[in-house]
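# Chain and residue survey
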Amino acid sequence: MSNVYDQLKALSIELPAAGAPAAAYVMSAQAGKTVFLSGHIAKRNGQVWTGKLGDTIGTEEGQQAARSIAIDLIATLHAHVGDLNRVKRIVKVMSLVNSTPDFIEQHLVTNGASELFVAVFGERGKHARSAFGVAQIPLGACVEIELIAEVE
């Protein structure tokens, strides 16, 4: 099993501080060995990454937004478990893509996050996934992603 922190360093990723909830919820909750992370919205330069896929944002930029969310999710997971090497598996990812009715590449946008989880966690990063197009996301964010992980 590879060291997650070595993988992050090799990818030139420095984890940010875990975010705080914006309303009446927690960023993470654990039941047994399963950790549930609340949805994280895309941010760029510390601000909400707004836009609508198929209108003001293209698939490649959406992938970058999803990748940025994956980094924030990993930071929240780190804050919750204390050591990312305790992550046995990324189990499930659910992605909401703020998109026009005719945009059909939500799955490709979500690959920005999925590919990073595999790059960081290796085989443990392969997960089940859902990707949905939605009419709107809080604060006008372009993408929101939540995650379920199993820990040792």
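Computed from a predicted structure; not experimentally measured.

So, on to the pattern of salt bridges. Applying the stated criterion across every chain yields a total of three salt bridges. Across the salt bridge formed by Lys88 and Glu150, the nearest N and O atoms sit 3.9 Å from each other. With Lys88 in strand β5 (residues 87–98) and Glu150 in strand β7 (residues 143–151), this residue pair connects regions lying 62 residues apart in the sequence.

This part is about the pairing of β7. Bridge count for strand β2 (residues 34–41) against β7 is six bridges, and the pairing is antiparallel. Bridge assignment links Leu37 to a residue of β7, and that residue is Leu147. Of the pairings in the sheet, the one linking β5 to β7 comprises nine bridges and is antiparallel in character. Along β7, the bridge assignment pairs Val97 with Val143.

For the rest of this paragraph, the subject is the pairing of β2. The pairing of strand β1 (residues 28–31) with β2 spans four bridges and is classified as antiparallel. By the bridge assignment, Ala29 is partnered in β2 with Phe36. Between β1 and β2, which pair antiparallel and follow one another directly, the connecting turn spans two residues, one of which, Gly32, has a positive phi of 65 degrees.

Attention now goes to the layout of surface pockets. Of the voids in this model, the largest pocket is the one considered here, and its volume is about 460 Å³. Each residue belonging to the lining of the largest pocket can be placed in one class, and the counts come to 11 nonpolar, seven polar and four charged.

Here Leu96 is to be found in strand β5. Those residues in contact with Leu96 that sit more than four places away from it in its chain are Phe132, Val134, Ile137, Cys142, Val143 and Glu144.

Here we come to helix α3 (residues 106–121). Working note: α-helix, 3.6 residues per turn, so residues spaced by three or four point in the same direction. A rise of 1.5 Å per residue sets the reference length of α3, with its 16 residues, at 22 Å; its end C-alpha atoms lie 23 Å apart and thus fit the reference within 8%. Every buried residue belonging to α3 is among Gln106, Val109, Thr110, Gly112, Ala113, Ser114, Leu116, Phe117, Val120 and Phe121, and all of these are buried. Where α3 is buried, its residues contact α1 (4–10), α2 (59–81), β5, β6 (128–134) and β7. Just beyond α3, the residue with positive phi is Gly122, at close to 65 degrees.

Looking at the element boundaries, Ser114 is found in helix α3. Residue class for Ser114 comes out buried when judged on its relative accessible area of 8%.

Attention shifts here to α2. For α2, built from 23 residues, the straight-helix expectation of 33 Å at 1.5 Å per residue is met to within 8% by its first-to-last C-alpha distance of 32 Å. One or two positions beyond α2, positive phi appears at Gly82, with a value near 85 degrees.

What counts, and where the lines are drawn
Per-chain numbering applies: the sequence of each chain, read as written, is numbered from 1 onward. Selection of residues for local features in this predicted model requires a pLDDT of at least 70, selection of side-chain atom pairs for listing and counting requires 80 or more, and totals for whole chains, interfaces and linings are taken over all residues. The side-chain figures draw on all heavy atoms in the structure; neither hydrogens nor water molecules are used. Any carboxyl oxygen of Asp or Glu that lies within 4 Å of a side-chain nitrogen of Lys or Arg is treated as forming a salt bridge with it. A helix here means a DSSP run of H or I that spans at least four residues, while a strand means a run of E at least two residues long, and both kinds are numbered starting from the N terminus. The rule for pairing is simple: two strands pair if DSSP sees at least two bridges between them. Detection works on a 1 Å grid of protein atoms alone, calling trapped sets that fit a 1.4 Å probe cavities and calling open sets with protein on both sides within 12 Å along at least five of seven lines pockets, with lining residues defined by an atom within 4 Å of a point. Grid points are joined across faces, edges and corners, and a volume is the space filled by probe spheres set on the points. Charged means Asp, Glu, Lys or Arg here, nonpolar means Ala, Val, Leu, Ile, Met, Phe, Trp, Tyr, Cys or Pro, and polar covers whatever is left, Gly included. What makes two residues a contact is simply this: any of their non-hydrogen atoms within 4.5 Å. An expected span of 1.5 Å times one less than the residue number is assigned to each helix. Residue burial is assigned from relative accessible area. The probe radius is 1.4 Å, only protein chains are included, and a residue is buried under 20% of its type maximum, exposed over 50%, and partly exposed in between.

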